[in-house]
Amino acid sequence: MKFYLCFIGLLFTVSSSAQLVITEPPFPRESGELQVVFDATQGSGGLEGYSGTVYAHTGVITNQSNGSSDWRYVKTSWGQNTPDTRMARIGSDRHSLSIDPDIRAYYGVPADEEILQLAFVFRSSATVNGQWLEGKTESGGDIFVDVFSDADDFLVQVQQPTQ
């Protein structure tokens, strides 16, 4: 009985901690649809309280990228609002992006490139006081989500403790 109660407490701790971006499924793979949920209260907080539409500026890091700043197959130019990158408001300061039918098709990545990460900066649909509002990491960096190989059979993600 004690083990059961401790296990429930651990689940509650993990699920109640907020994250900047979560995905469904939790281990994104090239195949299958993916939901990316952005929490504007986390990270830089640049979009917290923003009531307009949020868009994802997004691309991928592949085995042919020259580092994390070398985004490839970027969906749109900065500031361009398209249906593919429009995020759905799913709650107060929470926004969701559907990547379908799968990651490779959504971004248009050729079969001979390995997709390593998804890259994001979330932004306001229009400038506010002459500037785009941006959702980034706490340090103001781009947001990256690892993409796992379809060959990976057993994956575990530890979310708490963070270090």
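Definitions and cut-offs
- Residues numbered from 1 in each chain as written.
- Predicted model: local features only at pLDDT ≥ 70, side-chain atom pairs only at ≥ 80, totals over all residues.
- Heavy atoms only, no water.
- pLDDT = per-residue confidence, 0-100.
- Contact = heavy atoms within 4.5 Å.
- Phe/Tyr/Trp six-rings, centres within 6.5 Å; stacked < 30°, edge-to-face > 60°.
- Helix = DSSP H or I, 4+ residues; strand = E, 2+ residues; numbered from the N terminus.
- Buried < 20%, exposed > 50% of the residue type's maximum accessible area, 1.4 Å probe, protein only.
- Lys NZ or Arg CZ within 6 Å of the ring centre and 35° of its normal.
- Core = buried A, V, L, I, M, F, W, Y, C linked by side-chain atoms within 4.5 Å.
- Salt bridge = Lys/Arg side-chain N within 4 Å of Asp/Glu carboxyl O.

Counting all residues, the mean pLDDT for the protein is 87, and 82% of those residues have values of 70 or more. When the criterion is pLDDT under 50, residues 1-16 qualifies, and its contacts beyond four places in sequence or with other chains add up to three contacts.

What follows covers the packing of aromatic side chains. In total, this model carries five aromatic pairs according to the counting rule given. Seen in terms of ring centroids, Phe-27 and Phe-148 are 5.4 Å apart; in terms of plane orientation they differ by 80°. Their pairing is edge-to-face. Note that Phe-27 is positioned in the loop between strand S1 (21-24) and strand S2 (34-39) and Phe-148 in the segment after strand S8 (143-146), a separation of 121 residues in sequence. Classification of Phe-27 by relative accessible area gives buried; the value is 18%. You can call Phe-148 partly exposed: its relative accessible area is 23%. An aromatic cluster of at least three residues, connected via ring pairs, comprises Phe-38, Phe-120 and Phe-122. Cation over ring: Arg-123 sits above Trp-78, and NZ or CZ is 5.8 Å from the ring centre. A cation sits over an aromatic face here: Arg-123 above Trp-132, 5.1 Å from the ring centre.

What follows concerns the side chain of Thr-76. The topology assignment puts Thr-76 in the loop between strand S3 (54-62) and strand S4 (88-91). In this view, Thr-76 contacts His-57, Thr-82 and Thr-85; residues no more than four positions away in its chain are not counted.

So, about the nonpolar core. Among the nonpolar cores identified, the biggest contains 25 residues, and Ile-99, Tyr-107, Leu-118, Phe-120 and Phe-122 are the most heavily contacted of them. For this core, the secondary-structure elements that each account for two or more residues are S2, S3, strand S5 (94-99), helix H2 (103-107), strand S6 (115-124) and S8. Here this core takes four residues from S6, the largest share from any one element. Once residues lying within four places of it in the same chain are set aside, the contact partners of Phe-120 are Val-36, Ala-56, His-57, Thr-58, Trp-71, Leu-97, Ile-99, Tyr-107, Asp-142, Ile-143 and Val-145.

Moving on, we come to the pattern of salt bridges. This model, assessed by the stated rule, comprises four salt bridges. In this structure, the salt-bridge partner of Arg-104 is Glu-30, at a minimum N-O distance of 2.7 Å. You can see Arg-104 sitting in helix H2 and its partner Glu-30 sitting in the loop between S1 and S2, a full 74 residues away along the chain. Owing to a relative accessible area of 17%, Arg-104 belongs among the buried residues under this scheme. The salt bridge involving Lys-75 is made with Asp-84; its shortest N-O contact spans 3.2 Å. Judged by its relative accessible area of 24%, Lys-75 is partly exposed.

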